[in-house]
Amino acid sequence: MTRFRYLRTRLTVLYAGLFGLTLMLVALAVYMAITASARGVVRGELTASGAVYGQLWDSRSDQLRQGASVLAQDYGFREAVATNDEPTVRSALDNLRGRQKVEGALILGTDGYATSAGVSLDDAAIDTLWTGLNDATLSAGVLSIEGQPYQAVAAPVMAPVLIGWVVFLERLDQAQMRRLEELSAIPLSASVLTRQTTAWHDMAGPASALSGVVDRALDASGTPVGARAAEGETMVLARPLPSFGAEAPAVLTLSYPMARALKPFEPMFWALGVIALIGMALLMAGTWLLSRGLSRPITALDEAVQRLQAGEDAQVEVTSSDEIGRLAQSFNAMAGDIRDRQARLTHMALHDQETGLPNRLWLEREAAVTPSACVLMFGVDRFAVVRNAIGFEAMGQLVSALASRLSTAAGGVRVARVSVGAVAIVLEIENDAEALSLAERLCAVADQPVKLIGATVDASLTAGLDRVGRPSGRVDSLVDRAGIALDQARDARRKAALFDAVAYGDPGANLSLISDLITALESDQVWMAYQPKFDLRDNAITGVEGLMRWNHPKRGFIAPDLFIGMAEETGQIRALTEWGVRRVIADQKALAEAGHALQMSVNISGRLLSDEAFAQFALDAVAEAGGDICFEITETAVIDNPEVALGIIDRFAAAGIKVSIDDYGSGLSSLAYLKRIAADELKIDKAFVLSLDDSAKDALLVKSTIDLAHSLGMSVTAEGVETGTALALLRGMGCDTAQGYFIAKALPMAGLIERLSKPALMETKAA
Ligand code: C2E
Ligand code: CA
Ligand code: CA
């Protein structure tokens, strides 16, 4: 039954089919019962009519025989016969014929001579009659005269011996048959047939239509048999009639077509048919409606299951209290459970377990649907330190407390916890300045100490933020950008910062740069720029610092801070630095040949200060060249691995390589190490020098650093000198060397040579 897509069609077809089959069986049974009973009635009627005819035949025969006997015993008549007095005989016959109301009468002598009245007999008929009577086999029977059957009844004429017979002949005609037909309750057809050669012939003459059936009907001896006829099935009864002449037997046939017997039932059949059709239609409509009632809730369930699968809410209407109703109820209960579980899961997925606050995922969704979204992320400063001090549990409380303060301060927005130490909100803000000032204001919620159970905590917040519509660089997620901005704010020691895509760059893409770096060294993508160092006492450029440059064929200029940092992380820094040292030595030679004897400074990455192989390379290279070379190193490199680093620095110093402490003041400065490093020069970090003009505090720092370095036997270089004012101040503080854009930027070799040919301090700048 897979052909039916719908239960309803299936039920309807099934029921209609079964009902139709039942109807057909019932109709067949009714038809068969009716035909059987009709057949019985017809059979009975035919048998009865046959018997009646037999009686009629017999009584007529008796009547005629009596009449014949009376005449046969009449003395005068006997004498007339004996004397062959034909007129007397004939008149006596006529007389009797009239009395008995028969068609013909005759006297047949034993000598075969016949005198007849009413009918004329041919010789064949006389012969047949005489044979029958002479053999004394028959006294009454059918006699065929010229094909027409007659009932012949004879009585012997004794004088005193048998001299002949008186015979009456009565024609077996249509009229007599009609009379017989009228006696029957059913309109049967009666006929007397006689056999002529092979076929049975009707009284009328030609071979009878029933001829083929008669022999079979005779075999059934008095029981009607069914036969196929022109009018359909016909019941036929055949009764043999005594007959003169064995070669011409006679038979009475009674026939009745069944079609006629069934005719009265026809309206009933029609009525039955119409009732069946109406019943069928009603059944189909009923089944259709019923199955619709059945299938509608099932269809509803089916659709609900599909909705459930699609994650939608799925409840079905319970319309009944039967199995389907109960199924719908169970389904609703199950769907409800699934929905509750789904809701719990969704809640769990979107909320922080510890604080119950919405989580990062929630915030991301919220940001996605907020127009002009601006994400403000607040990080608890020194999170790890505070957590170690107050414990994990209290830290959760602290985050909750700060979140609730933030929510209130921001006008009731929901605060999400995006990481252990950071919470964030989404607002609609379209302006950077407004967003920044709001972030700074909101950071102030941490100004008041937070009271937790058993402790009061002083916390501070830093904010990172970004909003839709600002350059996002390669960071797709607004929340990620706010997080990076938080790091950027902390790095810059600011209260709040907007995401800076340029500063962040593209850490992902940077990875691919590293593999490019080594091949870049072999091409001229990487080259060395030189920034002059100005001697404040000699008022001359006495040295240069080599600063590496990389022009990437696809990405253009790449900041040295970036690619050098990467080279350090990926183990390429030695190759890079060795290349730098060789380059500087080669360029120093070239400069000397051009008439410029300069001290050449090279930046040496901190990591290489614990690399024995590099140290050996550097010592060999410098020894071979023999020029004035200075290695710039940072203090932090020494602090990380003091034993080895200090040893290597000592060996550099011993080999005549100058050592400079770079970026002094920017990292963790330790006077203890400062004293131990065999350095010739101290470079004050440009952060202090850049703000020298307007910060008295920095000026003091620079001045005391210069004094300290001098007291430790080191010369001092100030880097980041951008203005004449700064230069003048440094000169006043006793600084030895100045480096910065005010003197010159880092220049390629050709540019440097050109610069060296000009005054050390350019006219315009000096002014
Ligand atoms: P650094 O050694 O402190 O180099 C000084 C940086 O300050 C250079 O940046 C220089 O261009 C910049 N600078 C010079 N004068 C001024 C000024 O007046 N104002 C300002 N604002 N900046 C000025 P650069 O070239 O981008 O180099 C950055 C850092 O990259 C260097 O810092 C150094 O640590 C590293 N680096 C550069 N070349 C090499 C190298 O060959 N080897 C190693 N290991 N590191 C290198
Ligand atoms: Ca340097
Ligand atoms: Ca520096």
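Counting from 1, residues in each chain are numbered in the order their sequence is written. The naming scheme follows written order: chains are lettered A onward, ligands numbered 1 onward. In view of the model being predicted, local features appear only for residues whose pLDDT reaches at least 70, and side-chain atom pairs are presented and counted only at 80 or more, with totals across whole chains, interfaces and linings using the full set of residues. The basis for every side-chain value is the complete set of non-hydrogen atoms in the structure, without hydrogens or water.

The protein has the name EAL domain-containing protein in an unreviewed UniProt entry, where Brevundimonas subvibrioides is given as its organism.

A. A look at the overall build of the protein. From N to C terminus, the protein includes 27 helices and 26 strands. The globule rule used here is 2.2 Å times the number of residues to the 0.38 power, and the radius of gyration it is set against is calculated over C-alpha atoms. In terms of overall dimensions, the protein is more spread out than a globule: its C-alpha atoms have a radius of gyration of 70 Å, far above the 27 Å expected for 767 residues. Expressed along its principal axes, the backbone C-alpha trace of the protein runs to roughly 210 × 65 × 50 Å. Considering only contacts in the protein between residues 6 or more positions apart, those separated by 24 or more positions represent 63%. The accessible surface values rely on the Shrake-Rupley method and a 1.4 Å probe; as for residues, cover is taken only from the protein chains in view. Summing over all exposed atoms, the protein offers an accessible surface of approximately 38,800 Å²; the carbon and sulfur share of this is 56%. Where helices and strands are cited, they refer to DSSP runs of H or I of at least four residues and of E of at least two residues respectively, numbered from the N terminus. By the convention used here, residues are in contact when the closest approach between their heavy atoms is within 4.5 Å.

B. Expanded view of the coordination of the calcium ion (ligand 2). Here a donor is an N, O or S atom found within 2.8 Å of the metal, or within 3.2 Å if the metal is Na, K or Ca; sites may look incomplete because water is not among the atoms. Every protein donor of the calcium ion (ligand 2) is listed here as E545 (OE), N603 (OD1), E632 (OE) and D662 (OD), and their distances to the metal cover 2.0 to 2.4 Å. Here the donor residues of the calcium ion (ligand 2) share one chain and are spaced in sequence as E-x57-N-x28-E-x29-D.

C. Highlighting the sheet that holds strand β3 (residues 140–145). For two strands to count as paired, DSSP must find a minimum of two bridges between them. What the 5 strands build is an open sheet, ordered β2-β1-β5-β4-β3; its pairing is antiparallel. Because the sheet does not close on itself, it has two edges, and the strands there are β2 (114–117) and β3. Here the average twist between neighbouring strands, direction ignored, is 30°. When strand β4 (residues 148–158) meets strand β5 (residues 162–171), the two strands line up antiparallel, connected through 9 bridges. In the strand pairing of β5, M158 is matched with L162. Here an axis means a line fitted to C-alpha atoms, over the contact stretch when the element is a helix, while the angle between two N-to-C directions is reported on a 0 to 180 degree scale. Along the sheet, helix α2 (residues 75–82) makes contact with β1 (104–109), β4 and β5, crossing β5 at roughly 105°. Against the sheet, helix α3 (residues 86–100) contacts β1, β2 and β5, and its axis sits at roughly 45° relative to β2.

D. View of the layout of surface pockets. By volume, the largest pocket amounts to about 1,600 Å³. Both site types are read off a 1 Å grid over the protein atoms alone. A 1.4 Å probe that fits but cannot get out defines a cavity, while an open set with protein on both sides within 12 Å along at least five of seven lines defines a pocket; lining residues have an atom within 4 Å of a point. Taken together, 48 residues form the lining of the largest pocket, with L547, D561, N603, D663 and K686 sitting closest to its centre. Residues are sorted three ways: Asp, Glu, Lys and Arg are charged, Ala, Val, Leu, Ile, Met, Phe, Trp, Tyr, Cys and Pro are nonpolar, and all the rest, Gly among them, are polar. Partitioning the lining of the largest pocket into residue classes produces 19 nonpolar, 15 polar and 14 charged. Grid points are joined across faces, edges and corners, and a volume is the space filled by probe spheres set on the points. Empty space within the second largest pocket amounts to approximately 390 Å³. Taken together, 25 residues make up the lining of the second largest pocket; nearest its centre are S208, A209, L210, E231 and S255. Going through the elements one at a time, α5 (174–183), β6 (189–196), α6 (211–219), β8 (225–229), β9 (232–241) and β10 (250–257) are the ones with two or more residues in the lining of the second largest pocket.

E. Quick peek at the domain arrangement of the protein. Source of the domain bounds: an automatic or database domain assignment. Each assigned domain of the protein is listed with its residue range as follows: domain 1 (41–272), domain 2 (315–350), domain 3 (360–505) and domain 4 (508–754). Once you take the C-alpha centre of each, domain 3 and domain 4 turn out to be 38 Å apart.

F. Region of the structure containing the environment of L14. If you trace the backbone, L14 turns up in helix α1 (residues 7–73). Type-normalised accessible area, obtained with a 1.4 Å probe on protein chains alone, sets the label of each residue: buried when under 20%, exposed when over 50%, and partly exposed for intermediate values. The partly exposed category is assigned to L14, whose relative accessible area is 37%. Separated by 273 residues in sequence, L14 and T287 have C-alpha atoms that sit 9.5 Å apart.

G. Layout of the site of ligand 1. Around ligand 1 there are 20 residues in total, and Q531, M548, R549, E722 and Y741 lie nearest to it. Within the side chain of Q531, one N or O atom sits 2.8 Å away from a nitrogen atom of ligand 1. For the purposes of these results, a polar contact is taken to be a pair of N or O atoms within 3.5 Å, where, inside protein, one atom must be able to donate a hydrogen and its partner to accept one; residues adjacent in sequence count only when each atom of the pair is a side-chain atom. Between an oxygen atom of ligand 1 and a side-chain N or O atom of K686, the distance comes to 3.1 Å. Considering ligand 1 on its own, with 790 Å² of exposed area, one finds that the protein chains cover 86% of that surface. If over half the atoms of a molecule are within 2 Å of the grid points of a cavity or pocket, the molecule is regarded as sitting in it. Applying the majority rule of atoms within 2 Å of the grid points places ligand 1 in the largest pocket. Residue proximity to a molecule or strand is established when one non-hydrogen atom of the residue lies within 4 Å of it.

H. Main features of a nonpolar patch on the surface. Every patch collects residues that have over 30% relative accessible area and no salt bridge, joining them within 9 Å if they carry like charges and within 5 Å if they are nonpolar side chains (Val, Leu, Ile, Met, Phe, Trp, Tyr). Any Lys or Arg side-chain nitrogen located within 4 Å of an Asp or Glu carboxyl oxygen qualifies as a salt bridge. A surface patch of nonpolar side chains, about 270 Å² in accessible area, is lined by L14, Y15 and L18. Within the secondary structure, Y15 is located in helix α1. Relative accessible area serves as the criterion here: at 38%, Y15 is assigned to the partly exposed category.

I. Layout of the sheet that holds β10. What the 5 strands build is an open sheet, ordered β7-β6-β10-β9-β8; its pairing is antiparallel. Of all strands in the sheet, those bounded by a partner on one side alone are β7 (199–201) and β8. Here the average twist between neighbouring strands, direction ignored, is 40°. By the bridge criterion, 5 bridges tie β8 to β9 in an arrangement that is antiparallel. Opposite A229, over in β9, you have G232 as the bridge partner. Running at roughly 25° to β9, α1 makes contact with β6, β9 and β10 of the sheet. Strands β6 and β10 of the sheet are contacted by α5, whose axis makes an angle of about 135° with β6.

J. Representation of the coordination of the calcium ion (ligand 3) in the model. Distances from the calcium ion (ligand 3) to its protein donors, D662 (OD), D663 (OD), E719 (OE) and E719 (OE), fall at 2.2 to 2.4 Å. In primary-sequence terms, the residues that donate to the calcium ion (ligand 3) follow D-D-x55-E. D663 gets classed as partly exposed once you look at its relative accessible area, which sits at 27%.

K. Examining the packing of helix α18 (residues 573–593) against helix α19 (residues 612–625) more closely. Put simply, α18 and α19 touch, their axes get as near as 10 Å, and they point 5° apart. Judged on the interaxial angle alone, α19 and α18 are roughly parallel. For the pair formed by α18 and α19, the contact residues are R574, T577, E578, V581, R582 and I585 on the first element and A613, F614, F617, A621, V622 and A625 on the second. Grouping the constituent residues of the contact of α18 with α19 by class yields 8 nonpolar, 1 polar and 3 charged. Put simply, angles under 35 degrees are roughly parallel, angles over 145 are roughly antiparallel, angles from 65 to 115 are roughly perpendicular, and the rest are oblique.

L. Structural detail: the pairing of strand β23 (residues 658–664). Most of β23 is tucked away, with 5 of its 7 residues classed as buried. In this sheet, β23 lies alongside strand β22 (residues 629–634) in parallel orientation, the contact comprising 5 bridges. Bridge assignment links T634 to a residue of β23, and that residue is D662.

M. Region of the structure containing the UniProt feature "transmembrane region" (unreviewed entry) in the protein. UniProt positions are given in the numbering used here, feature names are shortened, and annotations may be inferred rather than shown by experiment. In the numbering adopted here, UniProt assigns the feature "transmembrane region" (unreviewed entry) to residues 12–34, 150–169 and 268–290. The span residues 12–34 shows a helical share of 100% and a strand share of 0%, and its end C-alpha atoms are spaced 32 Å apart. A helix fraction of 0% and a strand fraction of 85% characterise residues 150–169, whose end C-alpha atoms lie 6 Å from each other.

N. Seen up close, the pattern of salt bridges. Following the criterion strictly, the structure yields 30 salt bridges and no others. Salt-bridge contacts for K263 lead to E266; the nearest nitrogen and oxygen are separated by 3.8 Å. On the basis of relative accessible area, K263 is assigned to the exposed category, the value being 51%. Assessed through its relative accessible area of 38%, E266 is described here as partly exposed.

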